[in-house]
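# Tertiary structure, described
Residues per chain, in single letters:
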Amino acid sequence: MNNSNKKAEVIILGAGISGLTLSYYLHKQKKNFLVFDSNKTIGGNIISKIKDGYVCENGPNTVLLNNSFMDNLISDLDLKKEIIYPNNNNNNRYLVKKGKLFKIPLSIMEFFTSNLLSLNSKIRIVFEIFIKKHDKNTSVYHFIKKRFGKEFHDIIIEPFLTGVYAGNTRNMSAKHVLNKIWKIEQSFGSVILGLIRGKSEKKSMKSFNFKKGLSELTNSIYEKIEDNVKLNHKVTSIVKVDNIYEITINNQIKYSCNKLISTIPAFALSNISYDTSLNNILSSVYYCPIHVIHLSLEKDKINENINGFGVLTKPSDKTSFLGILFNSRIFPHVAPKGKDLITVMVGGSRQENLVQMDKDLVLSDILNDIKKLISYKGKVLLINDYKWEKGIPQYSLKHEELVKGIKEFQNKNKNFYIIGNYINGISVSDCVKNAYLLSKKL
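None of these values were measured; they are calculated from a predicted model.

Okay, the overall build of the protein next. For the protein, the count of helices and strands is 17 helices and 19 strands. The C-alpha radius of gyration computed for the protein amounts to 23 Å, which stays within 12% of the reference 22 Å derived for 442 residues, consistent with globular compactness. When its C-alpha atoms are laid out on the principal axes, the protein stretches across 70 × 55 × 40 Å. Here the protein, with 442 residues, has 53% of them falling under the buried criterion.

Structure representation (structure tokens):
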């Protein structure tokens, strides 16, 4: 190995939320580390943009405060005072039914008295307690269809998971996408019985944002570790020499380290890793494309009640979008007075072609659909849009192989760790948790 290589004890690939969180805790431990990112800015998928008084999120719009790791990080960074919680209407979510908004029932009584599902489907749900538990993993589609019926899947589950993963439930792993539900079924033999018995243990989960968007979180971490972060530094190869890892930056500069952590997307790591078996597994991870479109509406020209989180769609709706978030109804501060900010999501596995289409053509269809859906008569202003060619990683039926393959690689390559939102949890809070736990191991 070239003795002129620059050295560090720990090198982290990627300055997204996983890499930044890990870096923050290594900084607190006074470790010698460097972070490399090919982008000009930090944050990864978290990109907040403030324009003309609107706060737009190109990535995740909210974060769940559902574990102590996220809570501790925010407290540590003194960001509690910057947190904005949703208003009281944020639990309302809408489906599209016969071209109109239909509020999803929030209680058991509302659910069984609504006409969202047929009587047969409601009866079918009750009989879930008699369905045998799965003896092996299956798709989300088949899991829900077996336990609750096809109509429940098509009308309730598929729209919800479209809002999270933008993928196809027939390809999603029930064990990993419905992780908590899967564990309940395996433990109690019935999801309904498990939920009833575990009701006393149920914890409330708050979603939140910050006054200036979620980038406040990543920017606050960056301020602490800025001297350790190298932006515009694209890793072009990784080589292992004995127990030392040598990485090449921009095909020119070489660094070596004792411990290497990848937090970059699966497809990015597969292009630079020295291990063929690992690369084959990583390259099989599918990322759904997403086109995020932020629109400004005149609040008093909206004739439908849109006090809630947003609209979820299903394939049979044949809409020009996957879903809509009513941003300023959730967080009023993200839009100027008298205006509404909405985010339209286009793409996913069922609309891949729309992400590739000309923006103006897509926007024309979207505006027609939205105006009908919410009876809107005012002006529409495009505030911001952002395309993710490879947006949301999918937890497919091969996910078990992915996790196993990564574990086998790490066992063979001591001190080379791989984390990220495509492995053990897709949410921001999952990434924070996994990064913190790895910092303790290091």
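Here helix H8 (residues 179-188) has its buried residues at Trp182, Ile184 and Glu185. The buried residues of H8 occupy one face: seen down the axis, they fall within an arc of 160°. Residues of H8 that are exposed and angled more than 90 degrees away from the buried face: Lys180, Lys183 and Ser187. The elements touched by buried residues of H8 are helix H5 (140-148), helix H7 (174-177) and helix H9 (191-197).

Inspection of every chain in the model, using the stated rule, returns one cavity of 30 Å³ or more. In this structure, the largest cavity is lined by 13 residues; those nearest its centre are Glu57, Asn61, Asn209, Asn327 and Phe331. Broken down by secondary-structure element, the contributors of at least two residues to the lining of the largest cavity are strand E4 (54-57) and helix H13 (327-330). No other element matches E4, which puts three residues into the lining of the largest cavity. Each residue belonging to the lining of the largest cavity can be placed in one class, and the counts come to seven nonpolar, five polar and one charged.

Attention now moves to the sheet that holds strand E17 (residues 339-347). On the basis of which strands lie adjacent, the open sheet formed by seven strands has the order E8-E7-E15-E16-E17-E14-E18 and mixed pairing. At either end of the open sheet lies a strand with only one pairing partner, and these are strand E8 (100-103) and strand E18 (380-393). On average, adjacent strands in this sheet sit at an angle of 30° to one another, irrespective of strand direction. Sheet topology places strand E7 (residues 93-97) next to strand E15 (residues 310-312); three bridges connect them, and they run parallel. By the bridge assignment, Tyr94 is partnered in E15 with Val311. Sitting on the sheet, helix H6 (residues 150-165) is in contact with E7, strand E14 (287-298), E15 and E18, with an inclination near 120° to E7. On top of the sheet, helix H15 (residues 359-373) reaches E7, E8, E14, E15, strand E16 (323-325), E17 and E18; it is set at about 60° to E14, its chief contact.

The volume enclosed by the second largest pocket comes to roughly 390 Å³. Among the secondary structure elements, those contributing two or more residues to the lining of the second largest pocket are helix H16 (399-412), strand E19 (416-418) and helix H17 (428-441). For the lining of the second largest pocket, the residue count by class is eight nonpolar, four polar and two charged.

All right, on to the packing of aromatic side chains then. This structure, assessed with the given rule, holds 18 aromatic pairs. On the numbers, 5.9 Å between centres and 40° between planes, the contact of Phe143 with Trp182 is tilted. Of the two residues, Phe143 sits in helix H5 while Trp182 sits in helix H8, which places them 39 residues apart along the sequence. Its relative accessible area of 1% is what places Phe143 among the buried residues.

Time to look at the environment of Glu400. Following the sequence through the fold, Glu400 ends up in helix H16. Here the alpha-carbon distance between Glu400 and Ile423, two residues 23 residues apart in the chain, equals 9.6 Å. Ignoring anything within four residues of it in the chain, the contact list for Glu400 reads Lys175 and His176.

So, about unusual backbone geometry. A positive phi angle, near 60°, is found at Asp78, a position not held by glycine. Secondary-structure assignment places Asp78 in the loop between helix H2 (68-76) and strand E6 (83-84). At Asn250, a position not held by glycine, the phi torsion is positive, near 50°. Residue position: Asn250 is located in the loop between strand E12 (244-249) and strand E13 (253-262). Overall, the relative accessible area of 33% leaves Asn250 in the partly exposed class.

A separate point is the pattern of salt bridges. Applying the stated criterion across every chain yields a total of 13 salt bridges. Salt bridges here are not isolated pairs; linked through shared partners, they connect Glu128, Arg147 and Glu185.

Along the polypeptide, Leu367 turns up in helix H15. Note: C-alpha distance between Leu367 and Val380 (13 residues apart in sequence) is 8.0 Å.

Let us look at a nonpolar patch on the surface. Taken together, the side chains of Ile108, Phe112, Leu119, Ile123, Val126, Phe127, Ile129 and Phe130 present a nonpolar region at the surface, about 800 Å² in accessible area. When residues of the nonpolar patch are traced back to their parent elements, those giving at least two are helix H3 (108-113) and helix H4 (119-126). Here Phe130 falls in the exposed class, since its relative accessible area comes to 61%.

Criteria and thresholds
Residues numbered from 1 in each chain as written. Predicted model: local features only at pLDDT ≥ 70, side-chain atom pairs only at ≥ 80, totals over all residues. Heavy atoms only, no water. Helix = DSSP H or I, 4+ residues; strand = E, 2+ residues; numbered from the N terminus. Rg over C-alpha atoms; globule rule 2.2 N^0.38 Å. Buried < 20%, exposed > 50% of the residue type's maximum accessible area, 1.4 Å probe, protein only. Arc of directions from axis to C-beta. Contact = heavy atoms within 4.5 Å. 1 Å grid on protein atoms, 1.4 Å probe; cavity = no way out; pocket = protein on both sides within 12 Å on 5 of 7 lines; lining within 4 Å. Points joined across faces, edges and corners; volume = space filled by probe spheres on them. Nonpolar A, V, L, I, M, F, W, Y, C, P; charged D, E, K, R; others polar. Pairing = 2+ DSSP bridges. Axes fitted to C-alpha atoms, helices over the stretch in contact; angles between N-to-C directions. Phe/Tyr/Trp six-rings, centres within 6.5 Å; stacked < 30°, edge-to-face > 60°. Salt bridge = Lys/Arg side-chain N within 4 Å of Asp/Glu carboxyl O. Patch = residues over 30% accessible without salt bridge, like charges linked within 9 Å, V, L, I, M, F, W, Y side chains within 5 Å. Areas by Shrake-Rupley, 256 points an atom, 1.4 Å probe, with all protein chains shown as cover.

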